[in-house]
Amino acid sequence: TRGGATFAPLVPSALQTMHGIVMAQGSREGDNAAATDNAVDAVGRMCRYQAQSGIDAASVLPTWVTWLPLRHDDECAAE
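For clarity, every value in this text was computed on a predicted model and none was experimentally measured.

**Q** Which residues make up the overall build of the protein, and what values do they have?
**A** Along the protein, the regular secondary structure elements total 5 helices and 0 strands. When the helices and strands of the protein are placed in sequence order, the string is α-α-α-α-α. Scaling as 2.2 N^0.38, a compact globule of 79 residues should have a C-alpha radius of gyration of about 12 Å, and the protein matches this with 12 Å. Dimensions along the principal axes, computed over C-alpha positions, put the protein at roughly 35 × 25 × 20 Å. In the protein, which comprises 79 residues, the share counted as buried stands at 33%. A separation of at least 24 residues holds for 65% of the contacts in the protein among residues at least 6 apart in sequence. Summing over all exposed atoms, the protein offers an accessible surface of approximately 5,100 Å²; the carbon and sulfur share of this is 55%. Between the centroid of the 5 positive side chains of the protein and the centroid of its 9 negative side chains there is a distance of 7 Å.

**Q** Outline the packing of helix 2 (residues 11-23) against helix 3 (residues 32-49), listing residues and values.
**A** Viewed as axis vectors pointing N to C, helix 2 and helix 3 meet at an angle of 150°, and their least axial separation amounts to 9 Å. Classified by the angle their axes make, helix 2 and helix 3 are roughly antiparallel. The handedness of the crossing between helix 2 and helix 3 comes out as left-handed. For the pair formed by helix 2 and helix 3, the contact residues are V11, A14, L15, M18, I21 and V22 on the first element and T36, A39, V40, A42, V43 and M46 on the second. Split by residue class, the contact of helix 2 with helix 3 holds 11 nonpolar, 1 polar and no charged.

**Q** Requested: an account of unusual backbone geometry, with residues and values cited.
**A** The step from L68 to P69 runs through a cis peptide bond, and the omega angle for that step is 0°. Within the secondary structure layout, P69 lies in the loop between helix 4 (57-66) and helix 5 (74-78).

Here is what the cut-offs are and how they apply
- Residues numbered from 1 in each chain as written.
- Predicted model: local features only at pLDDT ≥ 70, side-chain atom pairs only at ≥ 80, totals over all residues.
- Heavy atoms only, no water.
- Helix = DSSP H or I, 4+ residues; strand = E, 2+ residues; numbered from the N terminus.
- Rg over C-alpha atoms; globule rule 2.2 N^0.38 Å.
- Buried < 20%, exposed > 50% of the residue type's maximum accessible area, 1.4 Å probe, protein only.
- Contact = heavy atoms within 4.5 Å.
- Areas by Shrake-Rupley, 256 points an atom, 1.4 Å probe, with all protein chains shown as cover.
- Lys, Arg positive; Asp, Glu negative; His and termini not counted.
- Charge placed at Lys NZ, Arg CZ, Asp CG, Glu CD.
- Axes fitted to C-alpha atoms, helices over the stretch in contact; angles between N-to-C directions.
- Parallel < 35°, antiparallel > 145°, perpendicular 65-115°, else oblique.
- Left-handed = near helix turned anticlockwise from the far one by under 90°.
- Nonpolar A, V, L, I, M, F, W, Y, C, P; charged D, E, K, R; others polar.

If you want it as structure tokens, here you go:
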């Protein structure tokens, strides 16, 4: 169920946290790069599986698209 109703109240905070991770200085460099790809993947999954939680897709998805493609985590990129 991808978190389901239990995770729904946490989605706004999780999105804010993932945004901070992706936008942090050096997030796409060295050891941070794969973790940043995971954060980008997590935002996409929240949009896909937690739409009922009130995600503002009109503002989240355009930003998310600018973070693509995933380059440092092959597993995330393959999904």
